[in-house]
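# Inside the fold
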Amino acid sequence: MSTTTSSTQNIFRVILGLLMMMAGVGHLTFQREEFQAQVPRWLPTSDAFMDFVVVSSGVVEIILGLVMVFLVKYKVKVGIILAIFYVLIFPGNISQYTNGIDAFGLDTDLKRFVRLFFQPVLIIWALWSTGALKHLINKQKK
């Protein structure tokens, strides 16, 4: 399941992969508390559980980032998996907004609300830069 992508798509795929790796490292180190603000409040809110969610999602982000950059043969599958990952973590962004939790400079309801609109951008970026969007559209036509 591979598709040809342009140089621009490849550059954006690598950038997204690097951003994922950086975010993953942040989960494990210097931004650990900030990321805990995005753990949905309908999940258990014990410090140990929230830390587990942050650490495990950070590990997943690092792996996805590495695969985005280096396993080009699987870029379509990885693009789809990354898009699904972005959908799965979106409730954390909604929780941060609905509970008015400050983190990452999102210290007003307006900033937290505007942040919600960036998740679809990440989803489209993952699908487009890997050729997954083209693959899925072509699959629909068959």
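It should be emphasised that the depicted structure is a prediction, and the values quoted were computed from it without experimental measurement.

### A short note on the packing of helix H5 (residues 109-116) against helix H6 (residues 118-129)
In contact at an axis separation of 4 Å, H5 and H6 are set at 25 degrees when each is read in the N-to-C sense. Considered as vectors, H5 and H6 are oriented roughly parallel to each other. In this structure, H5 uses Val 114, Arg 115 and Leu 116 to contact H6, whose residues at the interface are Phe 118, Gln 119 and Pro 120.

### Quick look at the packing of aromatic side chains
For the structure on display, the rule yields seven aromatic pairs. Pairing Phe 12 with Trp 125 gives two aromatic rings, centres 6.0 Å apart and planes at 70 degrees, and the pair type is edge-to-face. Taken together, the residues Phe 12 in helix H1 (residues 7-28) and Trp 125 in helix H6 connect sequence positions 113 residues apart. Since its relative accessible area comes to 36%, Phe 12 is described here as partly exposed. Here Tyr 97 and Phe 113 contribute two aromatic rings whose centre-to-centre distance is 5.6 Å and whose plane-to-plane angle is 50 degrees, an arrangement assigned as tilted. In this pair, Tyr 97 is assigned in helix H4 (residues 75-98) and Phe 113 in helix H5, connecting sequence segments 16 residues apart. Look at Tyr 97 and you get partly exposed, because its relative accessible area is 29%. In this structure Phe 113 comes out as partly exposed when scored by relative accessible area, which is 35%.

What counts and how
Residues numbered from 1 in each chain as written. Predicted model: local features only at pLDDT ≥ 70, side-chain atom pairs only at ≥ 80, totals over all residues. Heavy atoms only, no water. Axes fitted to C-alpha atoms, helices over the stretch in contact; angles between N-to-C directions. Helix = DSSP H or I, 4+ residues; strand = E, 2+ residues; numbered from the N terminus. Parallel < 35°, antiparallel > 145°, perpendicular 65-115°, else oblique. Contact = heavy atoms within 4.5 Å. Phe/Tyr/Trp six-rings, centres within 6.5 Å; stacked < 30°, edge-to-face > 60°. Buried < 20%, exposed > 50% of the residue type's maximum accessible area, 1.4 Å probe, protein only.

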